[in-house]
Amino acid sequence: MSVLMYGYAVWSPIVWLVALLVLAAIALYVRSRGQKRYKKGTAQTDVFLSGIQVPPAEQRHIPAHNIYWGFFEALKGFYSTMMRPHTGIINDYMLWLVAIIALTVLILVLTS
Amino acid sequence: MEYLTVHSPILIVAIPLLAAFIIPLLSRLGSKVRDTFNVSLLGFVTFLVAILAIDIYANGARIYTLGASVPELARPEGYMVPVRIMFQVDGISIFMGLTITVVALAALVYSLQFVKNETGQDRFYSLFMLLYVGMIGLVFTGDMFNLFVFLEILSIAGAGLASYRVNLADAVEGGFKYIVISAVSALLVLFAIGILYGQYNLLSIAALANTMQFNTLDMIALAMLAIAFVMKLAGVPLHMWAPDTYAVAPAGITPMIYMSSAASMYALYRVTFTLYGGQFDTMPIGWVVIILGVLSMFIGVMMAIYQTDIKRLMAYHAISQSGYMLLGVGVGLAVLTDPVALANYGRDAMNGGIFHIINNALYKGMLFLTAEAIFFRIGTRDLNKMGGLAHNMKWTTIFFIIGALAISGIPPFNGFASKLLIYESVFRFNPLLSIIAMFVSLVTLASFTKVFYSAFTGPEMPAYREVREVPKSMIIGMGIMVACIIFFSIFPGLVVDTIVAPATDALIDQASYINGVMGAAP
Amino acid sequence: MMQYIPFNIPFVAAALLVGVALFIFLFKRNLIKIVMGVAILSSGVNLFLIALGYRAGGVAPIYTATPEGVMVLPVPQALTLTNIVITVSVIALMLTMVMYIYRHMGDIDAKKSRLLKG
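Below is a summary of the structure that appears in this document. (Residues numbered from 1 in each chain as written. Chains lettered and ligands numbered in written order. Predicted model: local features only at pLDDT ≥ 70, side-chain atom pairs only at ≥ 80, totals over all residues. Heavy atoms only, no water.)

Before going further, it helps to spend a moment on the overall build of chain A. Helix and strand content of chain A: five helices and two strands. Secondary structure of chain A in N-to-C order comes out as β-β-α-α-α-α-α. A total accessible area of about 8100 Å² is found for chain A, and carbon and sulfur atoms account for 68% of it. Separation of charge centres in chain A, based on 9 positive and 4 negative side chains, amounts to 23 Å. (Helix = DSSP H or I, 4+ residues; strand = E, 2+ residues; numbered from the N terminus. Areas by Shrake-Rupley, 256 points an atom, 1.4 Å probe, with all protein chains shown as cover. Lys, Arg positive; Asp, Glu negative; His and termini not counted. Charge placed at Lys NZ, Arg CZ, Asp CG, Glu CD.)

Below you can see the structure in the form of structure tokens.
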């Protein structure tokens, strides 16, 4: 009942979850063999940023438009091409509609 | 119970329609009476949909003719064609009906607390019921003109609800774009219906499918119908209205407007598979749907990772996931007339695409609700200003994690099951499409990691120190969807065999749709 | 008189109306003009539907005291009436939204009054 069978293979979430539990048990056992002696509340549990003075919370958190900076910098040409049709003007939406209907009529008529 | 089952198609449409007109009167008695009335009414309609579903999976498609002496009487005496208004509920119709009803119930429970401080609440619930009627009528109908009427009902109600918060400037702009898009698409649909009526003098879908010759006028009508529905379901390159409208709608309405797009997808499949499929070569229109699907997937997700407004990001993801559905079912459409390929991978592709519809409705709806939960507590949708919300909003964080893992196709969630079906079967059709689909899934995970980092993890911001968890009715609304997601994740085989496979059979088997109406004994 | 009008004039007129409406959508920026474009598109589609039902030399489809001859088809007339009602409510909704946009932004040019883009 919980097994999804299609023509080529089988997907069973129960087997996957059991495997996950086994692996998690192994990982927790390995972790439990580690060092347990540290003192909470002292400098051992404070934030450490390579020795500099830790800035307050608003400046520590990276804003959303800076995440994945390298990805956007590498694809700058692609994104500038993509942003140009995405105006907010409703006349452009209608232009796309008319163009795609004309293209579809051509495709259907020419391939029959 | 027999009476309820036989008359359930019309009761499911008529009861919320009547409620939409009674709610403003009932609101005079107080808000608690109105809330109880709404939730119990929608609960009763859910019960009716459930018993109709059990009947259809046991006995096959059910028709309901308005105005006949017996509801199953499709053609009046002495007539060769059906002339009355008819509801025809087969496997795919009841599948969409179940999806829409579950999402509507969760959205209604969520909205009870969300609109508590706004004015004009009775009109909100009235329009909500009308939106539900429009969607259910669209998926249950059996003739083309009712398709147009219910399409317009759901457009008007959806636009009115999307611009509900008229004190915000961008809400009205989003609603205006939605109603212009919907009006133009619906008028093009009516033009195509006029072309078909002028040729064949018939409006019923089964009768039209029986007498369709595929001449040039029919091709023009098919192009107008298909592209108008693609514009309503926000497929690229006609998608640009969707982020504007989804972002500004109030909570609970965004999942409903997204389900209107799914209902338009149902209408696209109904037109291409049942009205035009079968005898004619569907390879060109199938390839058009596949190309639109691949474009939607790719451009949707690449635009999504760039956004900094949380609901606009999720709206682009909704566009991208619609591309998966178009790809899966488009592969089935392209090989519809080739029995070997259909049995080999076409059926699995369609199973994957249709299973993805209900999966996406559940987890995308829930992600929209979590985004609006954040907006409810903080008052902004800008990701640059958020941070460290997991310290205070624990339930929202857990629901967001489940939704984000499900949408990226991470095992063991239901997104993985439907995406696996799509990957494996589309690979046998054309390997390049499957590789693009896997890349898109990867970028989806990347962009939801971005949202999770920006909004939930991180140190606790001093500005948000007093933010508490959202009220209980909103958690219950999200919890309904999470319960369904977990159920679908653990029992995918049960869901595919019970709900999805009859829908695929109903789409592929055009002859049984026609025989349900034309061969019905008086 | 009727025989001097070619039979296709209503269809040509409907096509012209749809063409004018499409021109308005694609090129006019004023929001009120876009609303007018939707109204003209609806009129074009209504004319197309009515013209489909006409039969040459036909009479009104009423069964009481019917004169001789064929009747024009009543079904497209029903479709057109439904469409007129739907269009009225759509136009009313659109004009209300244009009014709110003007109140918020002070300008009803489609390019200058947009807040959502990209």
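Attention shifts here to the interface of chain A and chain C. Taken together, the contact pairs ten residues of chain A with 14 residues of chain C. Summed over both partners, the interface of chain A with chain C comes to about 900 Å²; 68% of that surface belongs to carbon and sulfur atoms. Contact with chain C buries area across many residues of chain A, yet G88, I89 and N91 of chain A alone supply 49% of it, more than any other trio. Where chain A meets chain C, there are two residue pairs in polar contact (both at pLDDT 80 or more). Considering each element in turn, the side of chain A that touches chain C owes the most residues, five residues, to helix α5 (residues 90–110) of chain A. (Contact = heavy atoms within 4.5 Å. Buried area = accessible area lost by both parts, 1.4 Å probe. Polar contact = N/O pair within 3.5 Å; in protein donor to acceptor, adjacent residues only side chain to side chain.)

Quick look at the interface of chain A and chain B now. Contacts between chain A and chain B engage 46 residues on the former and 65 residues on the latter. Taken together, the links from chain A to chain B amount to zero salt bridges. Between chain A and chain B we count ten residue pairs in polar contact (both at pLDDT 80 or more) in total. For the side of chain A that touches chain B, the elements supplying multiple residues, two or more each, are α1 (13–32), α2 (57–60), α3 (69–74), α4 (76–83) and α5 of chain A. By residue number, the principal contributor to the side of chain A that touches chain B is α5 of chain A, which donates twelve residues. The residue makeup of the side of chain A that touches chain B, split by class, is 35 nonpolar, nine polar and two charged. (Salt bridge = Lys/Arg side-chain N within 4 Å of Asp/Glu carboxyl O. Nonpolar A, V, L, I, M, F, W, Y, C, P; charged D, E, K, R; others polar.)

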